[in-house]
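What follows is the residue order along each chain.
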Amino acid sequence: DDDDDDDEDDDDRPTQALEVSEIRMSQSVSMDLSSNDTLTTGGSLLTQRGWGGGNFISILKHSHTPSFFTEWEAYLGTPMNRAQVGCTKLWPSGLSTSAHMLYGYSGIGLDTICTKSLGEKTQGSLKWAWNRKSTSMSTIIYREYENIRLKGTLQFGVPDSHVRINCVGKISEDVNLIAGMKMGTMDASMLFGAERTVLGDGMNLGMNITMSLLKGVTLKLKYTRMSQMYVVPITLSDNVSPDVVTLGTVVPLIAYFALKRIVIDPYIADELKRERLEKRRLMKTTIAARRREAHATVQLMHAKVQRILKAEEECRGLVIVEALYGKLLGADDITDVDEPVVADVTIPVQCLVEDHKLQLYSMSKASLPGFYDPVPEEDKSLRIRYRFDGRMHEVTIKDEDAVRMPMRSHALK
């Protein structure tokens with residue numbers, strides 16, 4: 001009987017479960033009402049721990065002079081309605097000062113900020129904030145390095161005083177790593193994560209893990225595109241645990257790389273391909289005209305190229321067998337447009353041969369006589385197959401690379 005009672009007690013024990021603490025979506029739009037007035041409107045939806053809500057915000061900015069402007073803000077919705085008015089002044093010395101007055105659920109609030117450039121890549125701010133429930137004075141330092149951005153905050157206040165350090169490191173053109181630490185009178189926490197820009201039009205994916213003594217371990221997923229933002233915080237545990245932190249890091253990374261391979265990469269490839277095709281169609285007439293000009297130039301080269309070929313062949317010199325210029329690699333979409341993505345430049349290249357040698361300098365080859373650009377604003381290459389001393393050679397270079405021929409390294413085995 002005792003064993004049966006123990007089994008029943010085990011079944012009644014609470015199990016650890018993931019909890020989506022909130023889901024937030026927001027969007028905003030800005031419009032110019034006049035040369036001096038800008039209106040920004042936006043809204044957000046929020047669901048949090050079983051209840052939902054939303055808000056609408058409208059901000060009107062009026063520029064009195066190039067260095068002085070005022071803002072009026074109205075906020076309607078949950079958790080409270082509020083109104084705010086503020087002004088900002090830019091001084092010739094590089095100092096920026098602003099003051100805001102807020103009226104909301106907590107009554108009247110005031111804050112002032114002074115910002116000053118401390119160097120080419122360093123900026124400092126002093127902020128004072130007061131309302132009925134709290135008051136604080138903060139010192140904030142921003143510092144930028146080549147691939148790192150740092151932000152340090154020191155705040156003294158009631159009831160919260162803390163020191164905070166945040167770091168964003170750029171490891172590639174589209175990937176940033178994020179790390180942060182906060183220690184204060186009310187909580188201590190650490191944060192790490194990553195953000196990636198999917199496309200150049202503002203699409204951004206982000207993920208971070210926050211470990212807090214007060215709130216436990218939270219995984220936050222964020223999607224941003226232009227002025228739209230979606231945030232999903234997921235509470236993994238009420239207590240800081242290495243197992244939970246590892247789970248919250250590894251599982252999202254596996255899910256991201258699977259999503260990247262199945263959805264993101266094909267989507268990016270399709271978008272880039274569509275943009276290239278649309279650009280080629282828009283420039284179809286211009287490209288055709290340049291091709292006709294290049295063809296006319298090539299026709300005038302025939303007599304010269306025959307003399308050069310005869311002289312080179314008699315002494316087993318440099319003879320251009322084939323030269324192609326344009327989109328040599330990844331040109332699987334040639335059939336999607338009527339225009340070719342490569343140009344045959346065999347004759348123009350042969351005309352550049354002098355005394356059994358050819359040298360091309362670091363410049364776009366589209367400017368050479370007899371050449372034209374078949375794919376403007378896209379990466380191009382030049383591939384040359386030539387014969388020298390009875391042996392076949394081949395070399396492929398990028399558009400603006402320099403090259404000399406003949407070279408032993410170009411010989412085909």
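What you see as residue numbers is a count from 1 along each chain, following the sequence as written. In keeping with the predicted nature of the model, local features appear solely for residues at pLDDT of at least 70, side-chain atom pairs appear and are counted solely at 80 or more, and the whole-chain, interface and lining totals rest on all residues. Note that the side-chain values use all heavy atoms of the structure and ignore hydrogens as well as water.

## Regarding the nonpolar core
Residues belong to a common nonpolar core when they are buried Ala, Val, Leu, Ile, Met, Phe, Trp, Tyr or Cys residues joined through side-chain atoms within 4.5 Å. A 1.4 Å probe rolled over the protein chains alone gives each residue an accessible area, and that area as a share of the maximum for its type sets the label: buried under 20%, exposed over 50%, partly exposed in between. Grouped together as the largest cluster of nonpolar side chains are 23 residues, with contacts concentrated most on V345, V349, L382, I384 and M405. What counts as a helix is a DSSP run of H or I of at least four residues, what counts as a strand is a run of E of at least two, and both are numbered from the N terminus. For this core, the secondary-structure elements that each account for two or more residues are helix 3 (284-314), strand 18 (319-326), strand 20 (358-360), strand 21 (381-388), strand 22 (391-398) and strand 23 (403-405). The next biggest cluster of nonpolar side chains, apart from the first, holds 9 residues, and it includes V217, L219, I234 and V244.

## Focus: helix 2 (residues 242-282)
Its 41 residues place the ends of helix 2 56 Å apart at the C-alpha level, agreeing with the 60 Å of an ideal helix rising 1.5 Å per residue. To get the bend at any residue, fit one axis to the seven residues that end at it and another to the seven that begin at it, then take the angle between the two axes. Of all bends in helix 2, the biggest is about 50°, found at K260. Turning to helix 2, its buried residues are V244, V245, G248, T249, P252, I264, I268, E271, L277 and R280. Residues of helix 2 that are buried in the fold lie against strand 14 (188-197), strand 15 (203-212), strand 16 (216-225), strand 17 (228-237) and helix 3. Every helix has an expected span of 1.5 Å times one less than the residues it contains. A contact between two residues is defined here by any heavy atoms of the two lying within 4.5 Å.

## Topic: the environment of R307
Take R307: it is sitting in helix 3. The class of R307 is exposed, set by a relative accessible area of 56%. Taking C-alpha positions, R307 is 9.5 Å from C351, a pair spaced 44 residues apart along the chain.

## A word on the environment of V232
Mapping V232 onto the fold places it in strand 17. Along the backbone, V232 and M25 are 207 residues apart, and their C-alpha atoms lie at a distance of 8.8 Å.

## As for the packing of aromatic side chains
Here a Phe, Tyr or Trp ring, Trp counted by its six-membered ring, pairs with any other such ring whose centre lies within 6.5 Å, and the pair is stacked when the planes are under 30 degrees apart, edge-to-face when over 60, and tilted otherwise. Summed over the entire model, instances satisfying the criterion amount to 3 aromatic pairs. On the numbers, 5.9 Å between centres and 35° between planes, the contact of Y223 with Y230 is tilted. The interplanar angle of 70° and the centroid separation of 5.5 Å between the aromatic rings of Y325 and F371 together place this pair among those described as edge-to-face. Here F371 lies in the loop between strand 20 and strand 21 and Y325 lies in strand 18, a separation of 46 residues in the sequence. Each member of the pair Y325 and F371 is classed as buried. We call a charge positioned over a ring when the NZ of a Lys or the CZ of an Arg lies within 6 Å of the ring centre and within 35 degrees of the ring normal. Cation over ring: K61 sits above F69, and NZ or CZ is 4.2 Å from the ring centre.

## Quick word on the environment of V298
Along the chain, the position of V298 falls in helix 3. Separated by 47 residues in sequence, V298 and V345 have C-alpha atoms that sit 8.7 Å apart. Those residues in contact with V298 that lie beyond four places of it in its chain are I347, P348 and G370.

## Quick notes on unusual backbone geometry
The linkage connecting V158 with the following residue, P159, adopts the cis geometry, with an omega of 10°. Turning to its location among the elements, P159 is positioned in the loop between strand 11 (148-158) and strand 12 (162-170). Residues M405 and P406 are joined by a peptide bond in cis, for which omega reads 0°. Tracing the chain through its elements places P406 in the segment after strand 23. In this structure, R316 is a non-glycine residue whose phi angle is positive, near 50°. As for its position among the elements, R316 is in the loop between helix 3 and strand 18.

## Describing the pattern of salt bridges
Definition used for salt bridges: Asp or Glu carboxyl oxygen within 4 Å of a side-chain nitrogen of Lys or Arg. Under the counting rule described, the total for this entry stands at 10 salt bridges. Its salt-bridge partner being K279, residue E377 comes within 3.3 Å of it at the nearest N-O pair. With E377 in the loop between strand 20 and strand 21 and K279 in helix 2, this pair connects stretches of sequence that are 98 residues apart. Accessibility expressed as a relative area gives 64% for E377, which makes it exposed.

## A short note on the side chain of N208
Residue position: N208 is located in strand 15. Judged by relative accessible area, which is 16%, N208 ranks as buried. With sequence-adjacent residues up to four places away left out, N208 is seen in contact with L191, F192, G193, T218, L219 and K220.

## Looking at the confidence of the model for the protein
On average, the protein scores 85 in pLDDT, and the residues at 70 or more come to 89%. pLDDT measures the predictor's confidence residue by residue and takes values from 0 up to 100. At the level of individual helices and strands, the protein shows its lowest average pLDDT in helix 1 (residues 2-11), which scores 47, and its highest in strand 12, which scores 96. For residues 1-15, every residue scores under 50 in pLDDT, and the model assigns this stretch 0 contacts once sequence neighbours within four places are set aside.

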